[in-house]
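Chain residues, written in single-letter form:
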Amino acid sequence: MMAELLSWEADTGTATEVYLADNRLNLDVYPNGTKHFLVLCNARREELLQIEFLRLNCNEEEISSSLSIIPELRQLKSLVLKGGHRWDEYGMCLPGLVTTLPAEFTHLQHLTHLDLSFNSFTSLPECVTELKELTVLLLSHNKLAALPDSIGKLVKLTFLSLMKNQLRVLPASVGELVALQRADLSENELELLPDEIGNLCSCTWIDLSGNRLKTLPSSLANMTSLGELHLHSNQLVTVLASLADLPNLSRLALQNNSLRSVPPEIQNFPFVHLEGNPIGEADSPEEQDHAEPKEVVSRYLTSNSDSFTVTAEGCNVVLPCGIEIHFPPEAVSLAAVISCNIIPPDPQQVKLGHHDFLLSPVLELLPHGIQFEKEVMIWMPYIIHRSDHRREVVMRTFNGSWTNLETKISKSRHLACCRVLHFSWFIVISRLRENSCTVPMEGTLLFSSVDPNIKVTFPSGAVNHTRSVKMQVLPVAVEELHELTDQDSLASPLLCLSQNSADNFLKPVKIQLPLPSGVTGLNLDRSKVHLLHGDPEIEDWTDITNQVVLEFTHLYAIFEVNHFSWYWLWYTTKTYVGGIAQKVYERLRRWQVNFLARQRKRDPEQIFLQCIPKHKVESVCKNLQKRYWGPEPSDIVEMFEGEEFFAGFEKGIEIVSDRPDCIDGRISFTFYSHLKNSKEVYISTLDDRKTQAVKGQVSFYRGSLPANIPEEAARKRKGPDSMWLATLPIKLPKQKPRLNNESRKESSYPPLNLGDEETGYLTEVNLLSIARRIGPEWQNIGINLGLTYSQLERIAHNHRDDLGKQILEMLFTWARCNANVSGCISHLIEAMKESDREDIAEEIHSIIELGKKKYRESIHRVGLSHESSNEDSAIAMV
């Protein structure tokens, strides 16, 4: 029967069209498809009852009404009821609304293909197991915790997909699926497999990766038809030697388990993959991951300690910021002094790739040249607010350039771990999920774990020696695309391919991309299809549609290439597609952000500044409202990851202290989407506040752009107006009149210097300034400084009518007792942190750092540095 175009009047009065191609009805690619299905049921019911293939969108509310009609379609052979057709603001697929099926589904006795993926099933309806003709059952991305025993009734089933569920056990009846050829049970919570699984003698491919399996049943060796067995990313501690005897086995994936020993039969098996296992190591899997070995001592450094000694006995060192470093026994033969620095990321040093996000500050471990005899484990905390299956967390180290390290992740603790044999700089980043493989001369297949519809096929003879290839995929939300272009432009996910060789492939490599959302082989207009080739270095997009042979199926576009780059499939009526793609790609790399400027309620001269992505603004403002007040956040602006910007105070307001991060009177920042991007500063006024309040403002300006920003984007920002980002008002209230005797009391404190030349001084002027920042919490600060309760009670009683005098007396009482004590300034900083006054702690730290800097400069200026002294001595000897 030829394709017929059916049309009808919907209840809204607007004309709607849908293709009924032969006996197929595909409504999941049309907006409101389930609604149209209900209308079609009333208007063309007799024709509808004859269809054999039906697809509906389970993200639409009308799906519940459609489910009651489907059992009447007795001729159905293929039924697709999938969710995942809509996305949240982060690009994550939303599950469908279907949680169960009507019992009348048992009437569909001709059904051979049933797809219920991306829904909300917590249990499999019994009616499904009554569909005796079923050969394909797809249940991936649901919430199934178990399967019914009746699953064994599906004796004709050849393909079963249960990926991404919550299965903990499998019923013994799975062994009755005698016709099963392919089974995908990956990414569940399976801890054991039933012995009956060995009865699946027809099974040629089974994926059990991403579960919690520790052992395997011996019956697996009975699956004589098995060609591929995927067991990677489990918790296996042993593996069956008999698996090597399976006659058809051509791939045994055992990566990333806990195998400490492997039978020789498996180790010598030509198609086994064992990467990521602690083979040959004596420690238990738990010790390998994180637990502290009993024979290794733990050391907890304080905030004023940045070095420690490691001996041949080893140790586990914990830094105040949460970083942990594990030195196993015999990692060093002689005692070594290790230093550690936590450094704010500098965009000139930290070079990020396209779509990379920085998740941590920079950790520097010294000395750089030290070489360890055993691998040292480094655990770094990272900041991430929402998991995203499209991305992965990776640690990097700097050795002339930033390189990726093999990384393990503790999601519950938000820790990233790597193993190294030498020290350098380390960071944690989030990047697009990477899939890789080694291409042998006989060819192979590479799938994307982000979008399984994307695959690359390497034919036999494509290479004359093994070659490593990598794949990354960047999905593009339809809503975001429409904001940037128009309703007529659609695009597939962006495919990024790379290899470790500059040579072309000897034979064409086949690439499969999904058609853009809403486009199928039935409604495809070839004149609107554009295949773009991207150059990642210059970010240029070239239309190569006429240079390749594009083939189309119902859901995919297929083409062949001889070398790798970036590929992007567009569907649009626009002529200059490359320019549109460049604009969209640039927008995908920018963050929409807001600026905050808040004043502390107890101390309006203390200003809190922050730049945050727009989706975090509401929660951040809610957390700040108890201690701060201020204007509404700024309007939305766009910034790149790693872009510098400055905050300048204007209209009679200036910064109080000479800060290291102050450049030409402006506070410098660097925007990193997952870091805080916040600072607290103290301001003063040029005008007298005794008679009236001062109304000033803080303005934010762009600084230097990251080196890898497109030239077009940089060009648009030239000129003075383009540097301005936002302005927020700052109001300093009228200053309260000060009693004459109060100033005399402040000046009555004798001069003092806390600290020393090399660590920096705090003078009585600094302490007076600090005292003005402290409020009713002064007693808590006094306790953390080490003053006794009796001392604090006496101070409170003697100055019971003067809060300011209480604070000054507490602070100077402590200072007089510690004037000659080593480490007193670090003690003061720590006490402020313990009292929840990070702002004062940072201010003290800034004062000390500035003092140390000026001291070093003065030493060099007068020629008293250690280096110059050595030179003078050498000259004298001559």
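You'll find the structure just up there.
Just so we're clear, the structure is a prediction, and the values are computed from it rather than from any experiment.

K.L.:
So, the overall build of the protein: which residues are in play, and what are the values?
P.N.:
Along the protein, the regular secondary structure elements total 18 helices and 51 strands. Long-range pairs, those at least 24 residues apart, make up 59% of the contacts in the protein between residues at least 6 apart in sequence. Total accessible area computed for the protein in this model is approximately 42,100 Å², and 50% of it derives from carbon and sulfur atoms.

K.L.:
Run through the environment of Ile-667, naming residues and quoting values.
P.N.:
Mapped onto the elements, Ile-667 comes out in strand 46 (residues 666-671). Linking Ile-667 and Lys-679, residues 12 residues apart in sequence, is a C-alpha distance of 8.8 Å.

K.L.:
An account of the packing of helix 13 (residues 778-785) against helix 14 (residues 789-798) is needed here, citing residue identities and associated values.
P.N.:
Look at helix 13 against helix 14: their axes get within 10 Å of each other, and the N-to-C directions meet at 150 degrees. Considered as vectors, helix 13 and helix 14 are oriented roughly antiparallel to each other. Crossing geometry of helix 13 relative to helix 14 is assigned as right-handed. Packed against helix 13, whose contacting residues are Trp-778, Gln-779, Gly-782 and Ile-783, the element helix 14 presents Tyr-789, Leu-792, Ile-795 and Ala-796 at the interface. Of the residues in the contact of helix 13 with helix 14, the class split is six nonpolar, two polar and no charged.

K.L.:
If you had to explain the nonpolar core to someone new, which residues and values would you point to?
P.N.:
In this structure, Ile-70 and Leu-81 are the most contacted members of the largest nonpolar core, which totals 76 residues. Residue contributions to this core peak at three residues, all from helix 1 (residues 33-43). The residues touching Leu-81, leaving out its near neighbours within four places in the chain, are Leu-56, Cys-58, Ile-63, Leu-67, Ile-70, Leu-101, Phe-105, Asp-115, Leu-116, Ser-117 and Asn-119. By size, the runner-up hydrophobic cluster in this structure holds 59 residues, among which are Leu-301, Ile-378, Met-639 and Phe-671.

K.L.:
Outline helix 12 (residues 764-771), supporting the account with residue identities and numerical values.
P.N.:
Here helix 12 lies mainly inside the structure; six of its eight residues are buried. Those residues of helix 12 not exposed but buried are Glu-764, Asn-766, Leu-767, Leu-768, Ile-770 and Ala-771.

K.L.:
Outline the pattern of salt bridges, listing residues and values.
P.N.:
According to the stated counting rule, one finds 17 salt bridges in the structure shown. With its nearest N and O atoms 3.1 Å apart, the salt bridge here joins Glu-189 to Arg-168. Here Glu-189, found in the loop between strand 9 (182-184) and strand 10 (205-207), pairs with Arg-168, found in the loop between strand 8 (159-161) and strand 9; they are 21 residues apart in sequence, far enough to count as distant. You can call Glu-189 buried: its relative accessible area is 18%. According to the relative accessible area criterion, Arg-168 is partly exposed, its value standing at 48%. A salt bridge links Arg-816 to Glu-809, with the shortest nitrogen-to-oxygen separation between them at 3.6 Å. A network of salt bridges, in which partner residues are shared, links Glu-392, Arg-431, Arg-433 and Glu-434.

K.L.:
Run through the environment of His-355, naming residues and quoting values.
P.N.:
By secondary structure assignment, the location of His-355 is in the loop between strand 18 (336-343) and strand 19 (357-358). When the C-alpha positions of His-355 and Leu-474 are compared, they lie 8.9 Å apart, and in sequence the two are 119 residues distant.

K.L.:
Would you mind going over the environment of Leu-319 in detail, with residue names and values included?
P.N.:
Topologically, Leu-319 is positioned in the loop between strand 16 (315-318) and strand 17 (324-327). Distance in space between the C-alpha atoms of Leu-319 and Tyr-300 is 6.2 Å, their sequence separation being 19 residues. When neighbours within four sequence positions are excluded, Leu-319 is seen to be in contact with Leu-301, Cys-340 and Leu-363.

Rules and cut-offs
- Residues numbered from 1 in each chain as written.
- Predicted model: local features only at pLDDT ≥ 70, side-chain atom pairs only at ≥ 80, totals over all residues.
- Heavy atoms only, no water.
- Helix = DSSP H or I, 4+ residues; strand = E, 2+ residues; numbered from the N terminus.
- Contact = heavy atoms within 4.5 Å.
- Areas by Shrake-Rupley, 256 points an atom, 1.4 Å probe, with all protein chains shown as cover.
- Axes fitted to C-alpha atoms, helices over the stretch in contact; angles between N-to-C directions.
- Parallel < 35°, antiparallel > 145°, perpendicular 65-115°, else oblique.
- Left-handed = near helix turned anticlockwise from the far one by under 90°.
- Nonpolar A, V, L, I, M, F, W, Y, C, P; charged D, E, K, R; others polar.
- Core = buried A, V, L, I, M, F, W, Y, C linked by side-chain atoms within 4.5 Å.
- Buried < 20%, exposed > 50% of the residue type's maximum accessible area, 1.4 Å probe, protein only.
- Salt bridge = Lys/Arg side-chain N within 4 Å of Asp/Glu carboxyl O.

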